[in-house]
Amino acid sequence: MRYVARYRCNKGSADIDRTLCRLVSAAYGTVRVYREAFDRAGVVPGEIRGAADLPRLPILKKEALARPASLADVLRRGVDPGHCVRVGTSGSTGLPLNVYMSRTEDQYRRLLLWRAWRRLAPLRLPMTVVDVGNWVEGDAPLAARRRGPITIVRVSIARPVEEQLAVVRRYRPQVISGYPTAVDLLAEAGGVSDRRLRLVACRGEILDAATRKTIEGAFSARVADFYNAEEVGNIAWECPADPTVLHVNTDGCIVEVVDDAGRQVPVGTEGRIVVSNLSNETMPFLRYDLADRGSFCAEGDEPCGCGSRAPRLRVVSGRDDDYVVLPDGRRVSPRLLAMAINRAFSGLSPCGSLYRHFRRFQVTQDRVDHVRIDIVPESGPVPDFGAILPAALAKLHPDLRCTIRVVECLDLGPSGKYRKVISALDAMEGSRASDGPAVLS
Ligand SMILES: [Zn+2]
């Protein structure tokens with residue numbers, strides 16, 4: 001019964017404090033990256049008694065977990081990665097990361113996601129979910145996989161939009177989950193009108209008001225934002241009473257908003273979003289910097305209009321990338337381009353990811369048949385990017401050309417915010433995936 005609190009639903013503050021204490025202690029005792037980081041910061045795990053003590057822990061950047069000397073450095077001692085559930089981040093920050101968890105941890109985070117969906121739509125089990133994402137082709141993309149009472153059908157965004165839509169119509173899901181840019185393209189192709197469809201759950205990118213409206217007009221279901229990350233699962237769900245705010249999923253994580261020095265900022269002040277995962281002991285994420293920005297809303301004594309008392313978060317900027325226009329005029333999700341580049345390097349490193357070769361990349365489309373790819377390489381020998389990347393882009397379209405620049409750092413532009421895919425086409429040729437303040441999903 002030692003760790004029962006971390007799998008509890010509707011955790012109270014005492015459950016959260018207890019869970020956090022145990023996770024901090026376990027991370028220090030069994031995960032090298034945390035032991036070293038805590039030692040450097042002079043943290044004594046026994047002094048962390050709950051969420052109020054979190055600011056004493058150092059903030060961990062993605063680089064620390066994505067580029068360890070050895071996988072064993074980021075996993076609990078004794079864990080066999082081969083027996084874990086592994087999920088990969090899409091590299092939305094240009095730096096992919098594999099996340100490992102036990103089967104129980106995986107089931108618990110699925111449960112929390114399902115509960116978050118249920119706050120927005122009346123879902124009934126058994127149910128089918130069509131998940132439109134950057135799944136690897138050949139990974140049985142159209143195979144329906146049953147996980148208990150939920151059947152998940154994965155559709156790759158690399159498939160033609162009409163084909164993706166045909167899959168949705170064939171499987172008649174209760175939930176469609178996907179990037180707003182991917183679902184928006186489905187909406188443009190006609191969308192789905194089906195009384196069985198209850199929820200279009202957007203995630204992984206900014207969902208701006210215009211895109212939301214387009215999707216709402218094309219699907220006969222509620223459209224809602226879910227702030228998810230592979231490192232945590234569901235971080236927050238859209239308030240059913242106010243689509244501009246998200247409620248933190250307090251069963252799964254603790255969210256902080258901090259300044260550049262790692263200090264928590266006052267309510268209403270924008271800062272970096274830092275998250276602590278409350279269930280994953282296999283590969284802990286404690287005070288983990290998500291590279292998104294947001295602020296907490298002031299809370300009164302009364303619960304929110306939707307009835308929830310969970311803290312309300314406004315996510316103002318993050319993983320917003322531009323659409324890409326192919327030489328034949330097709331507008332595709334920026335994820336497709338990132339996926340093509342990531343895949344060009346898969347299998348080249350022991351972990352099957354590209355981090356051994358470059359730290360970050362940024363793609364700028366300046367013509368419909370040309371993109372510029374800026375690459376910050378890893379230290380050590382630089383591979384022949386010029387031999388690898390053109391072939392990867394040619395798979396998207398044979399006339400798509402690229403210029404590759406190896407740079408020391410990326411130009412973040414006036415916003416100072418990193419974007420992986422930028423469109424420099426004029427308004428007639430391309431369009432932004434998102435503009436202005438919006439809510440991440
Ligand atoms: Zn609410």
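Here, every reference points to the structure presented above.
Here we summarise the structure given alongside this text. (Residues numbered from 1 in each chain as written. Predicted model: local features only at pLDDT ≥ 70, side-chain atom pairs only at ≥ 80, totals over all residues. Heavy atoms only, no water.)

**Points about the overall build of the protein chain**
Reasoning step 1: A count of helices and strands for the protein chain gives nine helices and 22 strands.
Reasoning step 2: When the accessible area of the protein chain is evaluated, it comes to approximately 18,800 Å², of which 50% is carbon and sulfur surface. (Helix = DSSP H or I, 4+ residues; strand = E, 2+ residues; numbered from the N terminus. Areas by Shrake-Rupley, 256 points an atom, 1.4 Å probe, with all protein chains shown as cover.)

**Let's talk about helix α1 (residues 13-30)**
Reasoning step 1: If you check α1, its first and last C-alpha atoms are 25 Å apart, about what 18 residues at 1.5 Å a residue would give, namely 26 Å.
Reasoning step 2: D15, I16, T19, L20, L23, V24, A26, A27 and Y28 are the residues of α1 that are buried.
Reasoning step 3: Elements in contact with the buried residues of α1: α2 (32-41), β12 (253-258) and β13 (271-277). (Expected span 1.5 Å × (residues − 1). Buried < 20%, exposed > 50% of the residue type's maximum accessible area, 1.4 Å probe, protein only. Contact = heavy atoms within 4.5 Å.)

**Comments concerning the coordination of the zinc ion**
Reasoning step 1: Protein-derived coordination of the zinc ion comes from C239 (SG), H247 (NE2), C304 (SG) and C306 (SG), at a distance range of 2.1 to 2.3 Å.
Reasoning step 2: The site at the zinc ion holds four donor atoms, and with the angles between them running 98 to 116°, its shape is tetrahedral.
Reasoning step 3: Going along the chain, you hit the donors of the zinc ion in the pattern C-x7-H-x56-C-x1-C.
Reasoning step 4: Using a relative accessible area of 30% as the deciding quantity, one classes C306 as partly exposed. (Donors = N, O, S within 2.8 Å, 3.2 Å for Na, K, Ca; no water. Tetrahedral: all angles 85-135°; square planar, octahedral: opposite > 155°, others 65-115°.)

**Examining the side chain of S308**
Reasoning step 1: Of note, S308 is situated in the loop between β14 (288-296) and β15 (312-317).
Reasoning step 2: At 3.0 Å, the side chain of S308 and the backbone nitrogen of A310 are in polar contact.
Reasoning step 3: Apart from the residues within four sequence positions on either side, S308 is in contact with W237, H247 and P303. (Polar contact = N/O pair within 3.5 Å; in protein donor to acceptor, adjacent residues only side chain to side chain.)

**Notes on the nonpolar core**
Reasoning step 1: The biggest cluster of nonpolar side chains holds 51 residues, and the ones touching the most others in it are F38, L65, Y227, I235, V255 and L313.
Reasoning step 2: Among the elements that line this core, the one with the most residues is α1, at six residues.
Reasoning step 3: If you look at the next biggest cluster of nonpolar residues, it comprises 45 residues, including V167, Y179, L207 and I375. (Core = buried A, V, L, I, M, F, W, Y, C linked by side-chain atoms within 4.5 Å.)

**A few points about the pairing of strand β20 (residues 401-406)**
Reasoning step 1: Note: strand β19 (residues 370-377) against β20, six bridges, orientation parallel. Note that in β20 the partner of I375 across the bridge is V406.
Reasoning step 2: As a crossover connection, the stretch from β19 through helix α9 (residues 385-396) into β20 is right-handed. (Pairing = 2+ DSSP bridges. Right-handed = clockwise from strand over helix to strand, strands pointing away.)

**Considerations on the pattern of salt bridges**
Reasoning step 1: All chains considered together, the criterion is met by 25 salt bridges.
Reasoning step 2: A salt bridge links R6 to E105, with the shortest nitrogen-to-oxygen separation between them at 3.0 Å. Of this pair, R6 sits in the segment before α1 while E105 sits in helix α4 (residues 103-118); the two residues are 99 residues apart in sequence, bridging distant segments of the chain.
Reasoning step 3: The class for R6 is buried, based on a relative accessible area of 9%.
Reasoning step 4: Between D374 and R372 there is a salt bridge; the shortest N-O distance is 3.2 Å.
Reasoning step 5: Under the relative-accessibility criterion, D374 is labelled buried at 5%.
Reasoning step 6: Accessibility expressed as a relative area gives 26% for R372, which makes it partly exposed.
Reasoning step 7: Several salt bridges share partner residues, and in doing so they unite R6, R76, E105 and E281 into one network. (Salt bridge = Lys/Arg side-chain N within 4 Å of Asp/Glu carboxyl O.)

**As for the environment of G305**
Reasoning step 1: Note that G305 resides in the loop between β14 and β15.
Reasoning step 2: Accessibility expressed as a relative area gives 76% for G305, which makes it exposed.
Reasoning step 3: Between the C-alpha atom of G305 and that of P240, which follows or precedes it by 65 residues, the distance is 8.5 Å.

**Some details on α4**
Reasoning step 1: Compared with the 22 Å implied by 1.5 Å per residue over 16 residues, the 22 Å span of α4 between its first and last C-alpha is a close match.
Reasoning step 2: Buried within α4 we find E105, D106, Y108, R109, L112, W114, A116 and W117.

**Things to note about unusual backbone geometry**
Reasoning step 1: Residue P126 is reached from L125 by a cis peptide bond, and omega for that bond is -5°.
Reasoning step 2: Mapping P126 onto the fold places it in the loop between α4 and β3 (127-133).
Reasoning step 3: If you check the backbone angles, N10 has positive phi at about 60° while not being a glycine.
Reasoning step 4: Position of N10 among the secondary structure elements: in the segment before α1.
Reasoning step 5: Positive phi, close to 50°, is recorded for R287, a residue that is not glycine.
Reasoning step 6: When you line up the elements, R287 lands in the loop between β13 and β14.
Reasoning step 7: Using a relative accessible area of 1% as the deciding quantity, one classes R287 as buried.

**A few points about the environment of F219**
Reasoning step 1: Here F219 is to be found in the loop between α7 (209-218) and β9 (222-229).
Reasoning step 2: Along the backbone, F219 and L186 are 33 residues apart, and their C-alpha atoms lie at a distance of 9.3 Å.
Reasoning step 3: Those residues in contact with F219 that lie beyond four places of it in its chain are I176, V183, L186, A187, G191, V192, L197 and V200.

**Concerning the packing of aromatic side chains**
Reasoning step 1: Per the counting criterion, the structure on display carries four aromatic pairs.
Reasoning step 2: Centroid distance Y7 to Y108: 5.4 Å. Interplanar angle 65°. Geometry classified as edge-to-face. Remark: Y108 occurs in helix α4 and Y7 occurs in the segment before α1; sequence separation between them is 101 residues.
Reasoning step 3: With a relative accessible area of 5%, Y108 lands in the buried category.
Reasoning step 4: Ring centres of Y34 and F38 lie 5.8 Å apart, and the angle between their planes is 75°; this geometry places the pair in the edge-to-face category. (Phe/Tyr/Trp six-rings, centres within 6.5 Å; stacked < 30°, edge-to-face > 60°.)

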